[in-house]
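# Reading the structure
One-letter residues, chain by chain:
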Amino acid sequence: MSRTGRVERATKETKVLVEVDLDGTGIADVSTGVGFFDHMLDQLAKHGLFDLTVRTEGDLHIDSHHTMEDTALALGAAFREALGDRAGIRRFADAKVPLDEALAEVTVDVSGRPYLVHTEPEGMAPVIGRDYDTTMTRHIFESFVAQARVALHIHVPYGRNAHHIVEAQFKAFARALRVATEKDPRVTGVPSTKGVL
């Protein structure tokens, strides 16, 4: 059975299309108009082995906030759709990813309940590239978990370079999400004593 999701989201601020295949090979076709964000979504696809298409047109003449927020909301909704009833998945996973001097630790529970815990080093550079506001990293993950309905804990205990700190988070997130959403041949039904996720 195909585990794919397709979400279109249109507001006065943005127009977003997201398609995801949880059982893909890591192919990314991404365009949001925010270069560094595109790079992070490429990391999500590559390290999660998700096939991912993202097409976002946003009000970048204002700033990149709405573009990244609405893309993350649509991305989370597409993952939720692709997961279906979540039967047979591993559900829990974690990953640690170093990127030079930075380390990211991510734990995920595909629980049906949205929750985010997010910590990263203080004093990061405010912008990466031309238009990636580093305070948006947390908000991107908040928006994703709200729609995907997963519990996500991200901790970056140390790092100096803002690019490395953020990229390590997306790579660790991808690897943890990949394992948590994988089918486990020994799991029958939904992996919860409640009987539903």
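For the structure, see preceding data.
Let me sum up the structure you'll find in this document. (Residues numbered from 1 in each chain as written. Predicted model: local features only at pLDDT ≥ 70, side-chain atom pairs only at ≥ 80, totals over all residues. Heavy atoms only, no water.)

## Observations regarding the packing of helix H1 (residues 35-48) against helix H4 (residues 162-181)
Stated formally: Note on geometry: axes are C-alpha line fits, over the in-contact stretch for helices, and angles between N-to-C directions span 0 to 180 degrees. Each helix is a run of DSSP H or I of at least 4 residues and each strand a run of E of at least 2, with the numbering of both proceeding from the N terminus. For classification purposes, an angle smaller than 35 degrees is called roughly parallel, one larger than 145 roughly antiparallel, one from 65 to 115 roughly perpendicular, and anything else oblique. For a crossing to be left-handed, the near helix must be turned anticlockwise from the far one by less than a right angle; the clockwise case is right-handed. Here, residues are in contact when the closest pair of their heavy atoms is within 4.5 Å. Three categories are distinguished: nonpolar for Ala, Val, Leu, Ile, Met, Phe, Trp, Tyr, Cys and Pro, charged for Asp, Glu, Lys and Arg, and polar for the others, with Gly belonging to the last.
In the contact formed by H1 and H4, the axes pass within 8 Å of each other and the chain directions differ by 30°. As summarised for this structure, H1 and H4 are arranged roughly parallel, according to the angle between their axes. The crossing of H1 and H4 is right-handed. Only His163, Val166, Glu167, Phe170, Lys171, Phe173, Ala174, Arg175 and Arg178 of H4 make contact with H1, whose side of the interface consists of Phe36, His39, Met40, Gln43, Leu44, His47 and Gly48. Class assignment of the residues belonging to the contact of H1 with H4 gives a composition of seven nonpolar, five polar and four charged.

## Observations concerning the sheet that holds strand E6 (residues 102-109)
The condition is simple: Only strands that DSSP links by at least two bridges are regarded as paired with each other.
Taking strand neighbours across the sheet as the criterion, the four strands line up as E5-E6-E10-E7 in an open arrangement whose pairing is mixed. Each edge of the open sheet carries a strand with a single partner, namely strand E5 (92-99) and strand E7 (115-119). Averaged over all neighbouring strand pairs, the angle between strand axes comes to 10°, with direction disregarded. As judged from the six bridges shared by E6 and strand E10 (residues 151-158), these two strands associate in the antiparallel manner. Counterpart to Thr107 in the pairing with E10 is His153. On the sheet, helix H3 (residues 136-148) packs against E7 and E10 and is oriented at approximately 165° with respect to E7.

## Digging into unusual backbone geometry
Although it is not a glycine, Leu49 sits at a positive phi angle of roughly 55°. Within the secondary structure, Leu49 sits in the loop between H1 and strand E4 (51-58). Phi at Arg149 is positive, roughly 60°, even though this residue is not glycine. With respect to the element layout, Arg149 can be found in the loop between H3 and E10.

Distances and angles like these do not, on their own, reveal function.
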